[in-house]
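What follows is the residue order along each chain.
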Amino acid sequence: MPHDFSSVSPSAPAPAPGPGSASAPAAGRIVLLTTSHRVAPGLLSWPAWQVLRAADRVVCADPEHPQLPYLREAGVEPEIAAPDARELVDACAEPPGGRTVVVLATAEGEPRLTDGLARLAGSGREEMPDLELLPGAYDLPGARLLDLVQVMDRIRAACPWSSARTHEELVKYGIEEAYEVVEAIEEGDREALREELGDLLLQVVFHARIAQDHPEEPFAIDDVAATIVEKLVHRHPHVFGEETAETPEDVQVHWRRTKAAEKRRESVTEGVPLGQPALALAAKLAGRARVAGLPGPPEGGGVGYELLALAARAEAEGTDPETALRAAARAYRDAIRAAESG
């Protein structure tokens, strides 16, 4: 039975020949070796290096393939060639017992070759070699972030609109995207959440790319990531250090202590962004004051102080007033719609 290259699982050899060809000698072996551009060239798996060293031929259609210098350094000399399916099958069957040919896949994945091999195998008239798809390098978690950085870098350089944007001009978009994430969460729409998180992530990468162009104080996305990694490690001594935390309350204690040591603030109000929604701002200030043992908001003074007192009470009771009001407003919206339709 001929082998179907398209059905071969990664890193697994093709199934054994069927009854019609069981007694026939093997017609060689074709290995399609794939690599990831998100992994540094030369960092191939051990099975990949084994098959490369043992192969009778290694061919690659791309003379600029990033793996080539490292293969040559290791004593593997690929041929720069793009044989079609017919040529590969014939090459594998040359000596008795067949030969092993490794095809170092280009970024496109060699669709012309794999389609040709599938047609030959499907004809039923060919003694096909064993066909194997071997991933030589696997992406680590988060590897697609590298694609985002590269795409953003290209857009910043080539797009007339994106290349002229400033931090200040993007502020409104960041706020809009954050609220769209909130709405997706409130709606329970996971597909929308995935999309909106991507839009919000784009804002981070976009700002970092703009910052990279600053003439005096540039920084890049790696600096942004390094800063937050250092902060997270430092503020989680119960995870990365010798401290212990059995409850969420214990974690909050660690967080506040390490954060206070980092900031060395003269006032508990320092670092509270005044641009956030009013209820969230009121709750944040009230929470800072409560933890520090300072007085709560004064009574009286009109609607503003009444709202401030409600926000402080909600915060003390463990309720986010912004979330609570949004939930109530959504329920009110639904009630209005029901009344309109009734």
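What counts as what
Throughout, residues of each chain are indexed from 1 in the direction in which the sequence is written. Two thresholds apply to this predicted model, a pLDDT of at least 70 for residue-level local features and 80 or more for giving and counting side-chain atom pairs, whereas whole-chain, interface and lining totals are computed over all residues. The basis for every side-chain value is the complete set of heavy atoms in the structure, and neither hydrogens nor water enter the calculation. Secondary structure counts use DSSP, requiring at least four H or I residues in a row for a helix and at least two E residues in a row for a strand, with both numbered from the N terminus. Computation of the radius of gyration draws on C-alpha atoms, with the globule rule given as 2.2 Å multiplied by the number of residues to the power 0.38. Exposure categories follow from relative accessible area, calculated using a 1.4 Å probe and restricted to protein chains: below 20% of the type maximum is buried, above 50% is exposed, and the middle band is partly exposed. In what follows, a disulfide is any cysteine sulfur pair within 2.5 Å. For salt bridges, the criterion is a side-chain nitrogen of Lys or Arg within 4 Å of an Asp or Glu carboxyl oxygen. Note on pairing: DSSP must find at least two bridges between two strands before they are called paired. We call two residues contacting when some pair of their heavy atoms lies within 4.5 Å. Angular values range over 0 to 180 degrees, each being the angle between N-to-C directions of two axes fitted as lines to C-alpha atoms, with helices fitted over their stretch in contact. As used here, the arc is the angular range of directions from the helix axis to the C-beta atoms. N or O atoms closer than or at 3.5 Å make up a polar contact, with two conditions inside protein: a donor-capable atom paired with an acceptor-capable one, and, for residues adjacent in sequence, both atoms drawn from side chains. Put simply, a patch holds well-exposed residues, over 30% relative accessible area, that have no salt bridge, with like charges counted together within 9 Å and Val, Leu, Ile, Met, Phe, Trp or Tyr side chains within 5 Å. Throughout, the Shrake-Rupley method with a 1.4 Å probe supplies accessible areas, and for residues the shown protein chains are the sole cover considered. Just so you know, the count uses Lys and Arg for positive and Asp and Glu for negative, and it drops His and the chain ends. A charge is said to be at NZ when it belongs to Lys, at CZ for Arg, at CG for Asp and at CD for Glu.

J.: Break down the overall build of the protein chain for me, with residues and values.
T.: Across its full length, the protein chain holds 13 helices and five strands. Whereas a compact globule of 342 residues would reach a radius of gyration of roughly 20 Å, the protein chain reaches 31 Å, over 25% beyond that. For the protein chain, the spread of C-alpha atoms along the three principal axes comes to 95 × 60 × 50 Å. Each of the 342 residues in the protein chain was classed as buried or not, and the buried ones make up 29%.

J.: I'd like a rundown of the state of the cysteines, residues and numbers included.
T.: Considering all chains together, one arrives at zero disulfides under this definition. In this structure C92 is not part of a disulfide, and its nearest cysteine sulfur, from C60, lies 17 Å away. The class of C92 is buried, set by a relative accessible area of 0%.

J.: Help me get a handle on the pattern of salt bridges, residues and values and all.
T.: Throughout the structure, instances matching the rule amount to 18 salt bridges. A salt bridge links E77 to R72; its shortest N-O distance comes to 3.2 Å. In this structure E77 comes out as exposed when scored by relative accessible area, which is 55%. Linked through salt bridges whose partners overlap, the residues forming this network are R38, D139, R144 and D147.

J.: A description of the sheet that holds strand β4 (residues 100-104) should follow, citing residues and the corresponding values.
T.: Taken in spatial order, the five strands make up an open sheet running β3-β2-β4-β1-β5, and their pairing is parallel. Looking at the sheet topology across the chains shown, the edges are occupied by β3 (79-80) and β5 (130-135). The pairing of strand β2 (residues 57-60) with β3 spans two bridges and is parallel. Across the sheet, C60 pairs through a bridge with I80, a residue of β3. Along the sheet, helix α1 (residues 46-54) makes contact with β1 (29-34), β2, β4 and β5, crossing β1 at roughly 135 degrees. Here helix α3 (residues 85-92) sits on the sheet in contact with β1, β2 and β4, set at roughly 125 degrees to β1.

J.: Would you mind going over α3 in detail, with residue names and values included?
T.: Taken together, the buried positions of α3 are occupied by A85, L88, V89, A91 and C92. Seen end-on, α3 carries its buried residues on one side only, within an arc spanning 160 degrees. Looking at the buried positions of α3, the neighbouring elements they touch are β1, β2, β4 and α4 (111-123). Two or three places before R86, at the opening of α3, D84 has a side-chain oxygen 3.2 Å from that residue's backbone nitrogen.

J.: I'd like a description of the environment of E262, backed by residues and values.
T.: Within the secondary structure, E262 sits in helix α10 (residues 248-263). Owing to a relative accessible area of 29%, E262 belongs among the partly exposed residues under this scheme. Between the C-alpha atoms of E262 and H37, which are 225 residues apart in sequence, the distance is 39 Å. The residues touching E262, leaving out its near neighbours within four places in the chain, are H234 and R235.

J.: I'd like to hear about a negative patch on the surface, residue by residue, with values.
T.: There is a patch of like negative charges on the surface, built from E176, E180, E183, D189, E191 and E195. Elements with a contribution of two residues or more to the negative patch: α6 (167-187) and α7 (190-212). Sorting elements by how many residues they give to the negative patch places α6 first, with three residues. You can see E183 is positioned in helix α6. The class for E183 is partly exposed, based on a relative accessible area of 42%.

Just geometry here; none of it tells us what the structure is for.
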